[in-house]
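# Fold and geometry: a report
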Amino acid sequence: MSHSVVVGIDGSEQSTVAAAWAAAEADRSGRALRMIHVGGAEDGRPLRPAGADDGLPPELLAVRDRLTAVLPGLELSCERIPGSPVHALVAAGARGGLIVLGSRGLGGFTGLLVGSVGLRVAADAPCPVVLVRAGADGESDGAGDAAGDVVVGVRGDRPCAEVLAFAFEQAARRGVTLRVLESRSLPAGPYVTQAPVDQREIRDSLAEAELVRLGDALARWRDKFPGVRVEAEVTARHAGGALVDASRGASLVVLGRRTPVHQAGVSRLGSVAHAVLHHALCPVAIVPHD
């Protein structure tokens, strides 16, 4: 089950939405789906992929059976693991897979998206973590726009290979455009020149230079994924707000998370990731990188 898609399930509407998203991702990527219910019996026995009663609550069995019916070719397992949800899920991701969790929120800037478990797993897991929202009214809107763009937030001067690889792969599997968004403050001026020049023209020229630099940083990824249409944008807006706006109609937003080298167990999400995780209108992926 290495490199599988792991989804945490607890019978809630948000975990049901997450399970559906995880199943679709596993099917797209040709990987197995591993459904984990944390808590219950202490033996942690793996449960059979099918059967009328495997010791899980009926609502969880219903989710499993529904996914099996929709995607009969999907390799799917369901198991119960004792202990802390955060520790169990982080350990499950140690095999180099993908963790998917559900969240509940209003979206936008009027509500919050994730809870403490989702934040801690996203901050500590050794593999990418995707947070999938369910509507405040219980509607299953967590998939976002399935045909929408994949959006990735980057720093053009220090592009992260792990983050870009994940974003390009996601866009390639979906057959959608990849929007690469960089937030960068430009000097406010005034600019001293030898001849009178429109200050706005200078700022526009600087922004264009930043866009060219970002394009250069993406060149090798365009070569590796020639079938992916890429749109790059450099904005002077705050990254969190720009990415939240970009999440409207998107299928996924991808962000990086720095992994401390000498501070095991104290990984932290940055302010931009917090803003996007709490307010995005589509699923959000957090990808760890060195």
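Residues numbered from 1 in each chain as written. Predicted model: local features only at pLDDT ≥ 70, side-chain atom pairs only at ≥ 80, totals over all residues. Heavy atoms only, no water.

### Some words on the pattern of salt bridges
Cut-off, in case you're wondering: Salt bridges are defined by distance alone: a side-chain nitrogen of Lys or Arg within 4 Å of a carboxyl oxygen of Asp or Glu. Labels follow the DSSP assignment, with helices taken as runs of H or I lasting at least four residues and strands as runs of E lasting at least two, numbered in each case from the N terminus. Relative accessibility thresholds used throughout: buried, under 20% of the residue-type maximum; exposed, over 50%; partly exposed, between the two (1.4 Å probe, protein chains only).
Enumeration according to the criterion identifies ten salt bridges in this entry. In this structure, E25 and R28 form a salt bridge, with 3.0 Å as the shortest nitrogen-oxygen distance. Linking E25 with R28, this pair stays in helix α1 (residues 13-29), spanning three residues, or about one helical turn. With a relative accessible area of 0%, E25 lands in the buried category. Of the charged contacts, one joins R179 and E233 as a salt bridge, the two residues approaching to 3.5 Å between their closest N and O atoms. Here R179 is found in strand β8 (residues 178-183), whereas its partner E233 is found in strand β9 (residues 230-235), with 54 residues between them in sequence. The partly exposed category is assigned to R179, whose relative accessible area is 25%. Within the structure, one salt-bridge network assembled from shared partners comprises E25, R28, R31 and R173.

### Some details on the packing of helix α7 (residues 239-246) against helix α8 (residues 271-279)
For clarity, the threshold we go by: Angles here are taken between N-to-C directions and fall from 0 to 180 degrees, while the axes themselves are lines fitted to C-alpha atoms, restricted in helices to the stretch in contact. Between 65 and 115 degrees an angle is taken as roughly perpendicular, under 35 as roughly parallel, over 145 as roughly antiparallel, and anywhere else as oblique. We call a crossing left-handed when the near helix sits turned anticlockwise from the far one by less than a right angle, and right-handed when that turn is clockwise. Residue contacts follow a heavy-atom distance rule, with two residues in contact if any of their heavy atoms lie within 4.5 Å. For this scheme, ten residues count as nonpolar: Ala, Val, Leu, Ile, Met, Phe, Trp, Tyr, Cys and Pro. Four count as charged, namely Asp, Glu, Lys and Arg, and the remainder, Gly too, count as polar.
Where α7 meets α8, the closest approach of the two axes is 8 Å, and the angle between their N-to-C directions is 30°. On the basis of their axis angle, the class for α7 and α8 is roughly parallel. The way α7 lies across α8 gives a crossing that is right-handed. In this structure, α7 contributes A239, G240, L243 and V244 to the contact, and α8 contributes V272, A275, V276 and H279. For the contact of α7 with α8, the per-class residue count stands at six nonpolar, two polar and no charged.

### Let's talk about the side chain of H278
Our working rule: Residues adjacent in sequence count toward polar contacts only when both atoms are side-chain atoms; beyond that, a polar contact is any pair of N or O atoms within 3.5 Å, and within protein one must be able to donate a hydrogen and the other to accept it.
Along the polypeptide, H278 turns up in helix α8. Residue H278 is classed as buried on the basis of its relative accessible area of 14%. In this structure the side chain of H278 is engaged in a polar contact, spanning 2.8 Å, whose partner is the backbone oxygen of H274.

### Some words on the layout of surface pockets
To be explicit about the condition: Here the term cavity refers to a set of points on a 1 Å grid, laid over the protein atoms alone, in which a 1.4 Å probe fits but cannot get out; the term pocket refers to an open set having protein on both sides within 12 Å along at least five of seven lines, with lining residues being those that place an atom within 4 Å of a point. Grid points are joined across faces, edges and corners, and a volume is the space filled by probe spheres set on the points.
Approximately 700 Å³ is the volume found for the largest pocket. If you trace the largest pocket, you find 28 residues lining it, with G153, V154, R155, G256 and V272 closest to the centre. No other element matches strand β10 (residues 252-258), which puts four residues into the lining of the largest pocket. Looking at the lining of the largest pocket residue by residue, the classes come out as 14 nonpolar, six polar and eight charged.

### Brief notes about the nonpolar core
Cut-off, in case you're wondering: Buried Ala, Val, Leu, Ile, Met, Phe, Trp, Tyr and Cys residues form a nonpolar core when they are joined through side-chain atoms within 4.5 Å.
Counting 50 residues, the largest nonpolar core has V7, L33, M35, V100, L178 and V254 as the members making the most contacts within it. With 30 residues, the next largest nonpolar core counts A122, V151, A250 and L269 among its residues.

### Overview of the pairing of β10
What counts here: Note on pairing: two strands pair once DSSP finds at least 2 bridges between them.
The buried fraction of β10 is high, at five of seven residues. Pairing of strand β7 (residues 150-154) with β10, which is carried by three bridges, proceeds in the parallel orientation. Within β10, the residue paired with V151 across the bridge is V253.

### Brief notes about the confidence of the model for the protein chain
Condition: pLDDT runs from 0 to 100 and stands for how confident the predictor is about each residue.
Of all residues in the protein chain, 73% attain a pLDDT of 70 or more, and the chain-wide mean is 79. Note that pLDDT drops below 50 for residues 47-52; the model gives that stretch twelve contacts with residues more than four away or on any other chain. Note on residues 190-197: pLDDT is under 50 here. Beyond four places in sequence and across chains, it has seven contacts.

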